[in-house]
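# Chains, contacts and geometry: an overview
Take a look at the letters that make up each chain.
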Amino acid sequence: SVLAANGLEVTMWTRGEEQAAEINNQHRNSRFLPGAELSPRIQATTNMGEAVQGASAVLIVAPSSAMRSVVNQLKSYYTPDMLIIHATKGFETESLKRMSTVISEELECEEGHIVVLSGPSHAEEVVKRCPTTVVVASLDKAAADAAQALFMNAYFRVYTNRDMLGVELAGAFKNIIALGAGMSDGLDFGDNAKAALLTRGLAEITRIGVEMGANPLTFSGLAGIGDLVVTATSQHSRNWRAGSMLGQGQKLEDVLNSMGMVVEGIRTTKAAYFISQKYGVQMPIADQLYHVLFQDREPRDAVEALMGRDPKTEMEVMKLETWEQWHS
Ligand SMILES: NC(=O)c1ccc[n+]([C@@H]2O[C@H](COP(=O)([O-])OP(=O)(O)OC[C@H]3O[C@@H](n4cnc5c(N)ncnc54)[C@H](O)[C@@H]3O)[C@@H](O)[C@H]2O)c1
Ligand SMILES: O=P(O)(O)OC[C@H](O)CO
């Protein structure tokens, strides 16, 4: 919608004939964005070649679980002059790879060629042209600048960042904390608990992010604290809503069936559980959520376990840097 508002011709690829027909004929996408009026500049097709061949830019927003297969389908239409942007927030759970790695492997292109678009941006609000700010990150400055120029307009403000790793990690990990915040709200634990989850959640996201090689400042930016706040506090958030239903005692399977849309935080919690072990970095909130989601731990017991951890200093945000080291 933003690209169409900027005067570009947009062709969406979708798997459903009915969905494509609805977008083309009624300019609506009633299942995924009910109530929104789409621009006639947006056309949809179920034919990948029609959508991608000859395009100057390709925006990939498949759920993380489908990323490899979707990129594989577009591979034969890819040319190195296409600007490749993705806005998917998650990991490939089997390999623990980031989305830019999966895309570059499938397209056989440099990771630096890819741009990630992330930040606090619920589609429901963007399509209504509510003021929104996001970040585009790439190792290639020219690619990030090109993506910024494509998307930027009066209601959609785009910043650039060179820390693609940090932006991807922040966008993926925040969904875990949003699930936890929803769960806390579902348990009626109040505002103190939610503020604690957000703050300590950001601490653990930063800790693992820095250990993986990200710039700590990225986590104070739009992809970090910005997206964490919007996802953990907005009723638009599927992750928050799923967490809230779990907190109210519903079973994971029933919650997912009732959502009908991707809840990335579930798979990302599993990935984080293994990533934290791989890097030897503690992620206590992600760890407790893993036990709730996949090992039947009661949400109340998870909170008790978090509150009962050994006493800590708040300055242990990063594995190595204490405040003194950080300033020495
Ligand atoms: N919705 C938002 O506001 C928003 C904002 C920023 C980022 N994201 C990210 O975008 C990604 C997609 O989220 P969404 O909101 O569009 O999810 P969604 O569940 O609303 O839509 C996902 C789309 O992918 C399709 N799909 C599902 N499985 C597929 C498969 N195996 N192969 C091909 N297509 C498949 C679905 O049919 C649907 O059209 C997620 O990583 C999400 O975190 C979403
Ligand atoms: O609806 P969610 O929880 O998947 O969140 C969507 C976006 O990531 C918000 O920026």
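Fair warning: this is a prediction, and the values are worked out from it, not measured in the lab.

## Considerations on the site of ligand 2
Surrounding ligand 2, one finds 13 residues, the nearest of these being Lys-174, Asp-227, Ser-237, Arg-238 and Asn-239. Interatomic distance of 2.9 Å between a side-chain N/O atom of Lys-89 and an oxygen atom of ligand 2. One of the backbone nitrogen or oxygen atoms of Gly-119 is found 3.2 Å away from an oxygen atom of ligand 2. Relative to its unbound accessible surface of 310 Å², ligand 2 loses 91% to contact with the protein. Elements with a minimum of two residues in the shell around ligand 2: α10 (222-233) and α11 (238-247). Here the shell around ligand 2 is composed, by residue class, of two nonpolar, seven polar and four charged. Counting the residues that make up the shell around ligand 2, at least three belong to each of domain 1 (2-162) and domain 2 (172-321).

## Concerning the pattern of salt bridges
Two side chains carrying opposite charge are able to pair once their charged atoms lie near each other. Here the structure, examined in full by the defined rule, presents eleven salt bridges. For Arg-68, the salt bridge is made with Glu-92, and the minimal N-O distance between the two is 2.7 Å. Here Glu-92 lies in strand β5 (residues 91-92) and Arg-68 lies in helix α4 (residues 67-74), a separation of 24 residues in the sequence. You can call Glu-92 buried: its relative accessible area is 11%. Within this structure, Arg-68, Glu-92, Lys-97, Glu-105 and Glu-106 form a network of salt bridges that share partners.

## Focus: the domain arrangement of the protein
Interfaces are often sized by the accessible area lost when the parts come together. According to the domain assignment, the protein contains domain 1 (2-162) and domain 2 (172-321). If you average the C-alpha positions of domain 1 and of domain 2, the two centres end up 26 Å apart. At the junction of the two partners, domain 1 supplies 25 residues and domain 2 supplies 25 residues. Interface area, domain 1 with domain 2, both sides summed: about 2000 Å², of which 65% is carbon and sulfur. With its nearest N and O atoms 2.7 Å apart, the salt bridge here joins Lys-89 to Asp-227. The interface formed by domain 1 and domain 2 contains five residue pairs in polar contact (both at pLDDT 80 or more). Those elements that provide at least two residues to the side of domain 1 that touches domain 2 are β5, α6 (123-126), β8 (132-137) and β9 (156-161). The element contributing the most residues to the side of domain 1 that touches domain 2 is β8, with three residues. Along the lines of polarity and charge, the residues of the side of domain 1 that touches domain 2 split into eight nonpolar, eleven polar and six charged.

## Notes on the site of ligand 1
What surrounds ligand 1 is a group of 16 residues, the closest being Lys-89, Ala-123, Arg-238, Val-262 and Glu-264. One nitrogen or oxygen atom from the side chain of Arg-15 is found 3.2 Å from an oxygen atom belonging to ligand 1. Two domains each donate at least three residues to the shell around ligand 1, and these are domain 1 (2-162) and domain 2 (172-321).

## Considerations on the nonpolar core
The biggest cluster of nonpolar side chains holds 48 residues, and the ones touching the most others in it are Phe-91, Leu-169, Phe-173, Leu-179, Ile-208 and Ile-275. Taken together, the elements giving at least two residues each to this core come down to β8, α8 (164-186), α9 (190-212), α10, α11, α12 (252-259), α13 (264-279) and α14 (284-294). Counting residues per element, this core draws most heavily on α8, at 13 residues. Each of two domains, domain 1 (2-162) and domain 2 (172-321), supplies a minimum of three residues to this core. In this structure, Leu-169 is in contact with Phe-91, Arg-98, Gly-209, Met-212 and Ala-214, ignoring residues within four places of it in sequence.

How each quantity is defined
Residues numbered from 1 in each chain as written. Chains lettered and ligands numbered in written order. Predicted model: local features only at pLDDT ≥ 70, side-chain atom pairs only at ≥ 80, totals over all residues. Heavy atoms only, no water. Near = heavy atom within 4 Å. Polar contact = N/O pair within 3.5 Å; in protein donor to acceptor, adjacent residues only side chain to side chain. Areas by Shrake-Rupley, 256 points an atom, 1.4 Å probe, with all protein chains shown as cover. Helix = DSSP H or I, 4+ residues; strand = E, 2+ residues; numbered from the N terminus. Nonpolar A, V, L, I, M, F, W, Y, C, P; charged D, E, K, R; others polar. Domains from an automatic or database assignment. Salt bridge = Lys/Arg side-chain N within 4 Å of Asp/Glu carboxyl O. Buried < 20%, exposed > 50% of the residue type's maximum accessible area, 1.4 Å probe, protein only. Contact = heavy atoms within 4.5 Å. Buried area = accessible area lost by both parts, 1.4 Å probe. Core = buried A, V, L, I, M, F, W, Y, C linked by side-chain atoms within 4.5 Å.

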